[in-house]
Amino acid sequence: MRVRGFLPVSLFALALAVCAHRPIGPSSGTSAAPTLKGDTVHPGRSAGWVDTRLYFGLGPADHPDQGVTETRWRNFLDREVTPRFPDGLSVLDVYGQWQGKEESAPERLRSKVLIVDYQDSEENRAKIDAIRAAWKQMTGDHSVMRVTQPADVSF
C-alpha cells in the first residue's frame, strides 16, 4: 500500500521538475525581451534615420473627375519617387483641406500622403526636395507640405 501512495507523489514531483525552467533576467545571462535580427539587406537597428511625409493634393474632393488621376499619380511615383527611393515607400489615400489667406472657404482635396523613411543626409533631403519640385512643376500646385522627424528604425 505504501508503494501505491508513493508512486503518484513521485510522478507529480517528476512532472514539476520537467516543467521547471531557469530564471530569466540580468543575473542569468538571458533576456525576456526578444532580440530582432536584421534581414540580409538591412541592419537590425539603424541610427540617424528620419521619417518624411509629403502631402500631395490631387484635386477637388467633390469632383473626382477633375485633377490628377490615379494613373497619372502612379506614373509620377514610377518616374520621380521610386528611382530616388527604390528601397521602399508607403502611400496613403487621404482627404485634406486647407484655406488660403485670401480664400473665403477651405479647399477640400483628394490627397495622397507619401511616407519615406531614409538615412538622413544632404543627398536624401535633396531627393525629397526634387520630388516636391517635380510635383509642383507637373501640376502647377504652389506647395507640397513636408513633415520630417527623427525615426527609430529597425528591420
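Residues numbered from 1 in each chain as written. Predicted model: local features only at pLDDT ≥ 70, side-chain atom pairs only at ≥ 80, totals over all residues. Heavy atoms only, no water.

1. What to know about the overall build of the protein chain
(1) Moving on: For the protein chain, the helix and strand inventory stands at three helices and four strands.
(2) Moving on: Walking the protein chain from its N terminus toward its C terminus, one meets helices and strands in the order α-β-α-β-β-α-β.
(3) Moving on: Relative to its 155 residues, the protein chain shows a buried fraction of 23%.
(4) Moving on: Taken as a whole, the protein chain presents about 11,300 Å² of accessible surface, with 56% of it coming from carbon and sulfur. (Helix = DSSP H or I, 4+ residues; strand = E, 2+ residues; numbered from the N terminus. Buried < 20%, exposed > 50% of the residue type's maximum accessible area, 1.4 Å probe, protein only. Areas by Shrake-Rupley, 256 points an atom, 1.4 Å probe, with all protein chains shown as cover.)

2. Considering the packing of aromatic side chains
(1) Moving on: Going through the model one piece at a time under the given rule, you end up with seven aromatic pairs.
(2) Moving on: Ring centres of Phe76 and Trp135 lie 4.9 Å apart, and the angle between their planes is 75°; on these two criteria the pair is classed as edge-to-face. Here Phe76, found in helix α2 (residues 70–81), pairs with Trp135, found in helix α3 (residues 122–139); they are 59 residues apart in sequence, far enough to count as distant. You'll find Phe76 and Trp135 in the same group, each marked buried. (Phe/Tyr/Trp six-rings, centres within 6.5 Å; stacked < 30°, edge-to-face > 60°.)

3. Re the side chain of Asp51
(1) Moving on: Structurally, Asp51 can be placed in strand β1 (residues 45–60).
(2) Moving on: A polar atom in the side chain of Asp51 sits 3.0 Å from the side chain of Arg53. (Polar contact = N/O pair within 3.5 Å; in protein donor to acceptor, adjacent residues only side chain to side chain.)

4. Some thoughts on the nonpolar core
(1) Moving on: By size, the foremost hydrophobic cluster in this structure holds 18 residues, and its most contacted members are Leu54, Phe56, Trp73, Phe76, Leu114, Ile131 and Trp135.
(2) Moving on: Among the elements of the structure, β1, α2, β3 (107–119) and α3 are those that each provide at least two residues to this core.
(3) Moving on: For Ile131, the contacting residues outside a window of four places in its chain are Leu54, Phe56, Phe76, Glu80, Val81, Arg84 and Phe85. (Core = buried A, V, L, I, M, F, W, Y, C linked by side-chain atoms within 4.5 Å. Contact = heavy atoms within 4.5 Å.)

5. Observations concerning α3
(1) Moving on: In this model α3 runs 26 Å from its N-terminal to its C-terminal C-alpha over 18 residues, within 8% of the 26 Å that 1.5 Å per residue would give.
(2) Moving on: Residues of α3 that are buried include every one of Asn124, Ile128, Ile131, Arg132, Ala134 and Trp135, and no others. All buried residues of α3 project into a common sector of 160° when viewed along the axis, lining one side. Residues of α3 that are exposed and point over 90 degrees away from its buried face: Glu122, Glu123 and Gln137.
(3) Moving on: Remark: Gly140 follows α3 within two positions and exhibits a positive phi of approximately 80°. (Expected span 1.5 Å × (residues − 1). Arc of directions from axis to C-beta.)

6. Here's the deal with a nonpolar patch on the surface
(1) Moving on: Residues Tyr55, Met145 and Val147 make up a contiguous nonpolar surface patch of about 250 Å² in total accessible area.
(2) Moving on: For Met145, a relative accessible area of 48% gives the class partly exposed. (Patch = residues over 30% accessible without salt bridge, like charges linked within 9 Å, V, L, I, M, F, W, Y side chains within 5 Å. Salt bridge = Lys/Arg side-chain N within 4 Å of Asp/Glu carboxyl O.)

7. Some thoughts on the pattern of salt bridges
(1) Moving on: Overall, the coordinates contain 10 salt bridges when judged by the stated rule.
(2) Moving on: As a salt-bridge pair, Lys112 and Glu70 come within 3.0 Å of each other at their nearest N and O atoms. Taken together, the residues Lys112 in strand β3 and Glu70 in helix α2 connect sequence positions 42 residues apart.
(3) Moving on: Looking at Glu70, the relative accessible area reads 36%, which means it is partly exposed.
(4) Moving on: A salt bridge links Arg125 to Asp120, with the shortest nitrogen-to-oxygen separation between them at 2.6 Å.
(5) Moving on: Residue class for Arg125 comes out partly exposed when judged on its relative accessible area of 29%.
(6) Moving on: Asp120 sits in the partly exposed class, given a relative accessible area of 32%.
(7) Moving on: The network of salt bridges with shared partners includes Glu70, Arg74, Asp93 and Lys112.

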